[in-house]
Amino acid sequence: HNPGNEHNWVTPDNIKPFHHMNGEIVKNSEYLLFDDILDIDLAIKQHDTFKRILTLYNPNCIIELKDCLKDIFESEVVRENFIDIYFDDKYLDYITSLDVNELIELILTGYLPLKDQSINKPLPNLLFTRDIAVVIGKKIILTYSRFEARRNEYLISKFIFTHHPIFKGIDIVD
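Described in the following lines is the structure provided in the data block. (Residues numbered from 1 in each chain as written. Predicted model: local features only at pLDDT ≥ 70, side-chain atom pairs only at ≥ 80, totals over all residues. Heavy atoms only, no water.)

To continue, consider the overall build of the chain. Helices and strands together make up the secondary structure of the chain, namely six helices and seven strands. Mapped in sequence order, the helices and strands of the chain form the string β-β-α-α-α-α-α-β-β-β-β-α-β. Here the C-alpha radius of gyration of the chain, 17 Å, is about what a compact globule of 174 residues would show, namely 16 Å. Taken along the three principal axes of its C-alpha coordinates, the chain extends 55 × 40 × 30 Å. A buried classification covers 37% of the 174 residues belonging to the chain. Within the chain, residue pairs in contact and separated by at least 24 positions form 56% of the contacts whose partners lie at least 6 positions apart. Of the roughly 10,900 Å² of accessible surface on the chain, 53% is carried by carbon and sulfur atoms. The average position of the 19 basic charges and that of the 28 acidic charges among the side chains of the chain differ by 6 Å. (Helix = DSSP H or I, 4+ residues; strand = E, 2+ residues; numbered from the N terminus. Rg over C-alpha atoms; globule rule 2.2 N^0.38 Å. Buried < 20%, exposed > 50% of the residue type's maximum accessible area, 1.4 Å probe, protein only. Contact = heavy atoms within 4.5 Å. Areas by Shrake-Rupley, 256 points an atom, 1.4 Å probe, with all protein chains shown as cover. Lys, Arg positive; Asp, Glu negative; His and termini not counted. Charge placed at Lys NZ, Arg CZ, Asp CG, Glu CD.)

Okay, the layout of surface pockets next. Considering only enclosed or pocket space, the second largest pocket measures out at about 270 Å³ in volume. Together, Pro17, Phe18, Lys27, Asn28, Ser29, Tyr31, Leu33, Lys121, Arg146, Phe147, Glu148 and Ala149 line the second largest pocket. Looking at the lining of the second largest pocket residue by residue, the class counts come to six nonpolar, two polar and four charged. (1 Å grid on protein atoms, 1.4 Å probe; cavity = no way out; pocket = protein on both sides within 12 Å on 5 of 7 lines; lining within 4 Å. Points joined across faces, edges and corners; volume = space filled by probe spheres on them. Nonpolar A, V, L, I, M, F, W, Y, C, P; charged D, E, K, R; others polar.)

In structure tokens:
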């Protein structure tokens, strides 16, 4: 997954696992499990370089997460099921009216521009897609993070592995 707008939502406040409140150290409910603020332009450049190196060895080795989401959301049933599970009921009418690119941006950033508010946490850790599943032969074993900041990644990967044609015929272990 390429670095993107979801990384613009990483702030000094949400990279700390704990903070001080009323003289006590408390768990930071906004913690994103991301420990640095990225220079987005540099991260994109480095990521593109890494992808070019990988494709030198295998031109077809890169599967883009956004492309997979676009593909599976072509099915209205899959799209509606995902929206029903992923989002609260509060903005469903608006969310279901989004085009596919706007929906994917909302999934990644958690930000709803029309309402000028965040409705979910951003997903900067999707950059580390090695953490969402393990592949053994013709099986994909989905992982489930103990950290809340990464739980939505599980749902996204489950929908992609379950509904994208590139994974047809592969056992999904959940």
